[in-house]
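Architecture and fold: a report
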Amino acid sequence: MFEITKRKLNKVLCGAIIIAVFIVIKCVYVQIIDFQFIYDNALELWQRSFPVEANRGEIIDIDGEVLATSLTTTSLVVIPSQIQDIAYTADKLSTILGVDVEVLVEKLSKNVSIERISPEGRQLEDDVAMQIDRLKLAGVYLIKDSLRYYPNSNYLSHCLGFVGIDNQGLLGLEVEYDEYLTGTNGSIDYYMDAKGNNLDMYASDYIAPQEGYTLQLTIDSDIQDVVERELNNAYDTYNPDSIWAIAMDPQTGEILAMSSKPDFDPNDYQNSSEEIYNQNTPIFRTYEPGSTFKILTFGAALNEGLFDMDEDTYYDIGYEYVGGTKISSWKEGGHGLQTYREVLQNSSNPGFVHIGQMLGKDNLYNYIVDFGLTTKTGIDLPGESTGIMFDYDNFNELEQATVAFGQGISITAIQLVTAVSAAINGGTLYTPYIVNAIIDPTTNETLFQNSPTIVTENIVSKETSELLLDALETVVSDGGGKNAYIDGYRIGGKTGTAQKVEDGQYMEGEYILSFIGIAPVDDPQIVLYIAMDNPKNCIQYGGTTVAPIARNMFLDILPILEIEQVEEQIPKVSVYGDTEMVEVPQYIGLDKSEVTNTQLTFEFIGTGDTVIDQLPRYGSSVEVGSTVVIMLGDV
């Protein structure tokens, strides 16, 4: 009996020893080997992270001028476990934030470690944040946040776009380059027990946010300023449905300026119409280009050697019949006998029907494809449209005739500008681009440098481009583009007057007026395109209404590009009925007594004897007898 009991005790003892050994091993494992894992998990349970919003990267122009930046602001977060009286806290916050108290009660009652009050508590005004801070409410905290800010308001708005309440890009460059502009958020990490009390034994951790990359654009703000100013003036003067413009370097595809009106303020996009901010007109809208397209048809014919533009002639009787359809000239009775240079100068539709017939279906269609008019240009902006062109099988005799003078084909402004650039730069089609570089704001290191991308080469020859530029210069000196002529600068261009199309029908009395200009013709550095939809109270002709807008732009842009004036250029030819124009002299800085001109009248505003400003500006072209407003002051 005793032996049996002893054996049992030995077994129990052995078992106890084994258990004790396991416990010791476990303790050693937990205290030494697994200590860090358990410790980290415990800290994670105690840790509360307050987010610190990172600034988005800045968007700057080619010279570093800031176009979009981030402002430091304040947002509201709560730790529900620390709130002592939910009803009282919700009531106080609802009064300050202007939010329904029940909405706040629901958010303050959530079973979470930390709750961001969004969107009601995001990006608070300073006075609102101060009111909340004064209350010293338990569990209520104000943290750093970031607010996107566009210092120039509506300026370049369609291209820049905007961001949402969470600083995520929603439109324009903000969404196209969101992954680069978005920074990495930081945090402030505190340690609290299950009841939400601070654990003072552990110091808080601060993880700094990392700002997003800087986006440097090809945009030149000096040029953009001019384009914005003149479009605003034209929009106010002619009350068009819309107006838009593009300035591009034809040798690279770099966008120097781009704008459209009506526009919007990206700082307050919520109060703008979606129809306005969702359409970046120069790359989104497709329409018949009208006579500006004739540049491409004429260039293609020159490249094929179909005529000598100064020796060969075409007799314009006022119309051409194509497949039983009469295509008429804009001029009653036609232009009579013309050289082909004059066909371009006079923008003779029958003449271009004939040129299209000489080119033939295959050549004309292939040039349209080569000039990139059947595909997107690939510009680095969202929302680009493709345009509409007949399929090859449906490109029949009548379609060939109308497309030759810019009717029956629908393209975007950016497609036209890139195609014309190729026609005058020696035949190279470039992908247009608006982002020049992506830069690390901390190290100032360039992470990405954009460069010209060739799509197609040798569309036309260098010799063809030179001939075409020569012809386009005479359009400005002696043709429909005379209102864009500037003494001292060699400018080429072409006007356009296209009847609007809606639901497949041409609209009576509504036109898209346009002008495309190239300067200087001996070394093209800019292609400038302006189009205006259905202007009011004006002559519905691109040469009369839009060419003067281009002239005003060129007057300021060409000096910005450091293009020097020349002494010799083709003289402007005046014809009977032309309005006599005069260039406004520079009066700023002169004494009042020196302000004289027999071709102008003057209105003086202000006191003093020195001219401090003037309207219209120096170099503007105005009708003889116009009034110049002179502002006086003391210097």
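Residues numbered from 1 in each chain as written. Predicted model: local features only at pLDDT ≥ 70, side-chain atom pairs only at ≥ 80, totals over all residues. Heavy atoms only, no water.

**Thoughts on the sheet that holds strand 24 (residues 610–615)**
With mixed pairing, three strands are arranged side by side in an open sheet as 23-26-24. With partners counted over all chains shown, the strands left at the sheet margins are strand 23 (601–605) and strand 24, one partner each. With strand direction ignored, the average angle separating the axes of adjacent strands in the sheet is 30 degrees. Where strand 24 lies against strand 26 (residues 627–633), five bridges are found, and the strand directions are antiparallel. (Pairing = 2+ DSSP bridges. Helix = DSSP H or I, 4+ residues; strand = E, 2+ residues; numbered from the N terminus. Axes fitted to C-alpha atoms, helices over the stretch in contact; angles between N-to-C directions.)

**Topic: the side chain of Arg341**
Inspection of the secondary structure assignment puts Arg341 in helix 13 (residues 340–345). A relative accessible area of 12% means that Arg341 is categorised as buried. Engagement of the side chain of Arg341 in a polar contact is seen with the side chain of Asp470, the distance being 2.6 Å. Apart from the residues lying within four places of it in its own chain, the contact partners of Arg341 are Phe298, Met309, Asp310, Asp470, Ala471 and Thr474. (Buried < 20%, exposed > 50% of the residue type's maximum accessible area, 1.4 Å probe, protein only. Polar contact = N/O pair within 3.5 Å; in protein donor to acceptor, adjacent residues only side chain to side chain. Contact = heavy atoms within 4.5 Å.)

**Concerning the nonpolar core**
One finds Leu217, Phe298 and Phe371 to be the most contacted residues of the largest nonpolar core, which totals 88 residues. Per-element tally for this core: the top contributor is helix 16 (residues 413–424), with nine residues. Beyond its immediate stretch of four places on either side in the chain, Phe298 contacts Phe307, Met309, Tyr340, Arg341, Leu344, Phe352, Ile355, Leu468 and Ala471. Formed by 33 residues, the second largest nonpolar core is a distinct cluster that contains Tyr485, Ile486, Ile526 and Ala547. (Core = buried A, V, L, I, M, F, W, Y, C linked by side-chain atoms within 4.5 Å.)

**Brief notes about unusual backbone geometry**
In this structure, the amide linkage connecting Ser118 to the following residue, Pro119, adopts the cis form with an omega of 5 degrees. By secondary structure assignment, the location of Pro119 is in the loop between strand 4 (115–116) and helix 5 (126–135). With an omega of -20 degrees, the peptide bond running from Ala519 to Pro520 counts as cis. Following the sequence through the fold, Pro520 ends up in the loop between strand 20 (505–519) and strand 21 (526–533). Backbone geometry at Gln123 places phi at a positive 50 degrees, although glycine is not the residue there. Along the chain, Gln123 turns up in the loop between strand 4 and helix 5.

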